[in-house]
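In case you want the letters, here they are:
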Amino acid sequence: MCCNGCQAVARAIVDNGLADYYRSRDALPESPRDALPAVLDQLALFDHAEFQKSFVKELGPSEREASLLLEGITCAACIWLNEQHVGRLPGVTAVDINYATRRARVRWDESRIRLSDILAAIAAIGYRAYPYDAAKNEEISRRERRDAMWRLWVAGFGMMQVMMYAYPVYIADGDMTPDIEALMRWASLVLTLPVVFYSAAPFFRNAWRDLKLRRVGMDVPVALGVGAAFVASCWGTLGQAGEVYFDSVTMFIFFLLGGRYLEMAARQKALGVTEALAKLLPAFAQKMPAFPVDRSIEQCIVADLHAGDVVLVRPGDIIPADGRIVEGVSYTNEALLTGESRSVAKAQGDSVTGGSLNVESPLVVRVEQVGEGTRLSAIIQLMERAAAEKPRIVEMADRVASRFVAVLLGVAVLVGVGWYLFDPSRALWITVSVLVVTCPCALSLATPIALTVAAGALARDGLLVTRGHAIETLARATHFVFDKTGTLTTGRMVLIDVSPAGALDRAACLAVAAALEHGSEHPVAGALRLAAGDSLPEASDVVAEAGQGLAGTVAGRHYRIGRPAWALAPAGGSLPQAGEHWLESGDTVAVLADESGCVAVFRIGDEVRPEARALVASLRGAGRQVMLLTGDAPAVARRVAAALGIDDVRAGVTPQGKHECVSGLQAAGAVVAMVGDGVNDAPVLAQAQVSVAMGGGAQLARTQADFVLLSENLDHLRHGLLRSTLSLRVIRQNLWWSFAYNFVALPLAVAGLVTPWLAGVGMSASSLLVVLNSLRIQRMETD
């Protein structure tokens, strides 16, 4: 293959059963340049509907969106160039590229432009685009690291050898004979050649591409500085007069490449969570085609599974798709999916998520969702959506950086002319220093690398970022508005309290009630059984009265359990005072009665999440305003608010009322964060500046929230809030450092106080410092 683009196309041809294409080929092209027309012809295969299924989404009758992986991105200017170039193509409606991930989201009108035309346009400006694939991404990353390491090694070796020849000339201080000095210069020139033409080749190639397109990227000042110093040194060597800068050139290139290599390694490390999720599903599954009649197993590709298939998942294996257990008891580890490190108990009838690890015992699972319908696929899609969007703060930094480069070139010209008039012998190296030392690489890295690291860390905490602006806005939120049911509470009925009214104690009353409710599917019955445990007395002659309750015999006595009026009707008694109070609070009240009257009163309600109080306390301690906004009865809302320490309660509110309430807060200057269930609260979630949806259930892919709490554990939201605040602090530190560095370095370079090699150190160190500071987000404690 002449290039990776041809390899990707060839693989697509074979994988999609289109190998007959090669029957029209009778010879290989003689060179990559000769191959260009053929490559463009092959790009037409990307328009094949079957091939597009894996990476292209249909958004409308003719609107399409593709997730692509770009190769050749070296700086923020590359991102800007591709976005501008592709965005101007007729028919392209949107293009967003993430610097940290090298991922592009392109949207176009199929009736006006084809995908192959977009890929050809990208190739025309010197970049390569592939359909996003986790394995392909890893292969490209590995190749980039290997190539960068070789270039760095050549630059480092050349730098050391050139210094061996430059050092004697420095210490001789004019006492070296001309022939020996000439020999040292020629040796330095020979050793510098591979450093300039191999190690520094990407700088020159990228700069030439930018200049051809009449744009100024960040490699332009670097290439000008290196090229000018090298040409001047060659001229000095040939003419045996003037200064040579071979040692500075090689040292400068080495430090630049070293900084970029460390930055690349840190960036790839930061993307570990996203890439781990993409590679989570296994390639093969153990299918049981005739279960339960025949338990024989055959191996199949996971992509060939369909809903209704039965698979065997052995201990230590990854569950291949979303499904339900039909046989077996085990524990599953869902840490990468939910952020919850503890294993989750699973038994027959429980649902399991594709991508989770079976820890203990074999499980037989019936597949319910495959491919794009799985929870893991929804998580990956939401992460891709967040990575593709560019927050306002990133766009602002990119605009400043691009304009700064143009200003820098103008300043360098003025500095060069001024020093040439004042001291011609110092004009060249001072101009080179100005070009290099103030290149705004750190500024372009300051925000995107921090947001990428933060998104990965939050995903490990169980808080999935789905929008680009979410982290910054969450950190600035002043008001947190919570829904009640399913958010601060679990949404499940539980027994809150028991008030015995007769001779039986609490445990005995609960046992009788659970025995009567043993066969009922009502939520109240489930709450009573859960509280009573497994050791229950035998109930006989149980009869259900629709909408009222149950009657039956336990231990020779006849009981009724259900609505207070119905249960107490035969004896004609009244409801105890505790029951009256509970009814007024809006909770569900069930009465257990016998022939003599009331035996016990049960208070049943929505369970408050145990970690909710700590979250509310943390928010209030940080000076944030907390509000409970619910459609439930005022008495129920006040009880939950009192238990959690929330003072501002708005109950009995309609969906329209919730929307108006949030709008009112925003009109008063509040930055509102809304936390709800993601689907029922969709209008108010959309209205808030930042929103968090609880991530349980099958509707994950439909949520439009900015965050999804995958584990539904509010402790993870509390940790995420703290990490978002810390991330915003790191972004501000990065931006301040970038601006401060450039404002300090530029006057020093103009004054001639910074040598070219020191300029390379400064530029590389500033970028590296931004990356390392961003990596602190991963290690920050949030407890």
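Note that this is a predicted model, so its numbers are computed, not measured.

The rules behind each value
Residues numbered from 1 in each chain as written. Predicted model: local features only at pLDDT ≥ 70, side-chain atom pairs only at ≥ 80, totals over all residues. Heavy atoms only, no water. Helix = DSSP H or I, 4+ residues; strand = E, 2+ residues; numbered from the N terminus. Buried < 20%, exposed > 50% of the residue type's maximum accessible area, 1.4 Å probe, protein only. Contact = heavy atoms within 4.5 Å. Axes fitted to C-alpha atoms, helices over the stretch in contact; angles between N-to-C directions. Parallel < 35°, antiparallel > 145°, perpendicular 65-115°, else oblique. Left-handed = near helix turned anticlockwise from the far one by under 90°. Nonpolar A, V, L, I, M, F, W, Y, C, P; charged D, E, K, R; others polar. Salt bridge = Lys/Arg side-chain N within 4 Å of Asp/Glu carboxyl O. Pairing = 2+ DSSP bridges. Core = buried A, V, L, I, M, F, W, Y, C linked by side-chain atoms within 4.5 Å. Patch = residues over 30% accessible without salt bridge, like charges linked within 9 Å, V, L, I, M, F, W, Y side chains within 5 Å. Areas by Shrake-Rupley, 256 points an atom, 1.4 Å probe, with all protein chains shown as cover. pLDDT = per-residue confidence, 0-100. Lys, Arg positive; Asp, Glu negative; His and termini not counted. Polar contact = N/O pair within 3.5 Å; in protein donor to acceptor, adjacent residues only side chain to side chain. Phe/Tyr/Trp six-rings, centres within 6.5 Å; stacked < 30°, edge-to-face > 60°. Lys NZ or Arg CZ within 6 Å of the ring centre and 35° of its normal.

Attention now goes to the overall build of the chain. For the chain, the count of helices and strands is 29 helices and 27 strands. Classification of the 783 residues of the chain by burial places 53% in the buried group. In the chain, once contacts between residues fewer than 6 apart in sequence are set aside, the share between residues at least 24 apart is 70%.

Relative orientation of the contacting elements helix H9 (residues 219-239) and helix H15 (residues 424-437) amounts to 160°, with a least axis distance of 8 Å. In terms of their interaxial angle, H9 and H15 are classed as roughly antiparallel. The two elements H9 and H15 meet at a crossing, and its hand is left-handed. In this structure, H9 contributes Pro221, Leu224, Gly225, Ala228, Ala229 and Ala232 to the contact, and H15 contributes Leu428, Val432 and Leu435. Along the lines of polarity and charge, the residues of the contact of H9 with H15 split into eight nonpolar, one polar and no charged.

Attention now moves to the pattern of salt bridges. Applying the stated criterion across every chain, the model contains 17 salt bridges. Between Arg557 and Asp594 there is a salt bridge, with its nearest N and O atoms 2.1 Å apart. With a gap of 37 residues between them, Arg557 in strand E20 (residues 557-562) and Asp594 in strand E21 (residues 588-594) connect regions that are remote in the sequence. Close ionic contact of Asp648 with Arg650 constitutes a salt bridge, the shortest N to O distance being 3.1 Å. In this structure Asp648 comes out as partly exposed when scored by relative accessible area, which is 28%. Assessed through its relative accessible area of 34%, Arg650 is described here as partly exposed. Here the residues in one salt-bridge network are Lys57, Glu65 and Arg107, joined through shared partners.

Moving on: the sheet that holds E20. Reading across from one edge, E17-E22-E21-E20-E19-E18 is the order of the six strands in this open sheet, with antiparallel pairing throughout. On the outer flanks of this sheet lie strand E17 (489-500) and strand E18 (539-545), each paired with one strand and no other. Taken over all neighbouring pairs, the strand axes of this sheet differ in orientation by 20° on average, direction set aside. Two elements, strand E19 (residues 549-554) and E20, share six bridges in a ladder whose sense is antiparallel. By the bridge assignment for E20, Gly552 is matched with Tyr559. Running at roughly 110° to E19, helix H20 (residues 506-516) makes contact with E17, E18, E19, E20, E21 and strand E22 (597-608) of the sheet. Against the sheet, helix H21 (residues 523-532) contacts E17, E20, E21 and E22, and its axis sits at roughly 65° relative to E17.

With 50 residues, the main nonpolar core has Phe480, Phe482, Leu488, Ile646, Phe707, Leu714 and Leu717 as its most contacted residues. Counting residues per element, this core draws most heavily on helix H28 (residues 714-750), which supplies seven residues. Other than its neighbours up to four places away in sequence, Phe482 contacts Thr487, Leu488, Leu615, Leu619, Val626, Met627, Leu628, Leu629, Met674 and Val675. Core analysis: the second largest hydrophobic core is formed by 49 residues, Ala427, Cys441, Ala749 and Met763 among them.

All right, on to a nonpolar patch on the surface then. On the surface, a nonpolar cluster with roughly 580 Å² of combined accessible area is contributed by Trp150, Trp153, Phe157, Met160 and Tyr198. Take the nonpolar patch: its biggest share by element is four residues, from helix H6 (residues 134-172). Relative to the helices and strands, Trp153 resides in helix H6.

Counting buried residues along E21, six of its seven residues qualify, which places the element largely inside the surrounding structure. Across three bridges, the pairing between E20 and E21 is antiparallel. Looking at E21, one finds that Gly562 is bridged to Val591. Bridge count between E21 and E22: seven bridges; the pairing is antiparallel. Residue pairing across strands places Leu592 opposite Ala600, the latter belonging to E22. Here E21 hands over to E22 after two residues, the two strands then running antiparallel side by side.

What follows is about unusual backbone geometry. What you tend to see is this: most non-glycine residues have negative phi, and most peptide bonds are trans. With omega at 5°, the peptide bond leading from Phe291 into Pro292 counts as cis. Topologically, Pro292 is positioned in the loop between strand E6 (284-287) and strand E7 (298-301). Phi is positive for Asp541, which is not a glycine, with a value near 55°. Residue placement: Asp541 occurs in strand E18. You can call Asp541 exposed: its relative accessible area is 61%. One non-glycine residue, Ala555, adopts positive backbone phi at about 55°. Looking at the element boundaries, Ala555 is found in the loop between E19 and E20.

Now for the confidence of the model for the chain. Confidence in the prediction for the chain averages 80 pLDDT; 84% of positions are at 70 or higher. Put simply, helix H2 (residues 32-43) is where the chain has its lowest mean pLDDT, 50, and strand E16 (residues 479-482) is where it has its highest, 92. Within the model, pLDDT remains below 50 along residues 26-36, and this stretch shows four contacts once partners closer than five positions in the same chain are excluded.

The residue His719 is located in helix H28 in this model. Expressed as a C-alpha distance, the spacing of His719 and Ser618, which sit 101 residues apart in the sequence, is 9.9 Å.

Next up on the list: the sheet that holds E6. Spatially, E7-E6-E8-E14-E9-E12 is the arrangement adopted by the six strands of the open sheet, whose pairing is antiparallel. Two strands close off the open sheet at either side, each with one partner strand: E7 and strand E12 (351-352). Bridge analysis of strand E8 (residues 310-313) against strand E14 (residues 363-369) gives four bridges, and the strand direction is antiparallel. Bridging across to E14, Val313 finds its partner in Leu363.

Note: C-alpha distance between Asp541 and Gly552 (11 residues apart in sequence) is 5.1 Å. Those residues in contact with Asp541 that sit more than four places away from it in its chain are Ala551, Gly552 and Thr553.

Attention shifts here to the side chain of Arg624. Tracing the backbone through its elements, the reader meets Arg624 in the loop between helix H24 (612-621) and strand E23 (625-629). The charged side chain of Arg624 is buried without a salt bridge, its nearest counter-charge being Glu472 at 13 Å. Reaching out from Arg624, the side chain makes a polar contact with the backbone oxygen of Ala477 at a distance of 3.2 Å. Once you skip the residues sitting within four places of it in the chain, Arg624 turns out to touch Leu474, Ala475, Ala477, Thr478, Phe480, Leu619 and Thr725.

All right, on to the packing of aromatic side chains then. For the structure on display, the rule yields six aromatic pairs. Note on Phe230 and Phe246: the rings are 6.2 Å apart at their centroids and 70° apart in plane angle, and the pair reads as edge-to-face. Here Phe230, found in helix H9, pairs with Phe246, found in helix H10 (residues 246-270); they are 16 residues apart in sequence, far enough to count as distant. Phe246 matches Phe230 in its accessibility class, with the two residues each being buried. Cluster of aromatic residues (ring-pair linked, three or more members): Trp150, Trp153 and Phe157. The lysine or arginine in question, Arg151, covers the ring of Tyr198, its NZ or CZ lying 4.7 Å from the ring centre. Directly above the aromatic system of Trp566 lies the positively charged group of Arg560, at a separation of 4.2 Å from the ring centroid.

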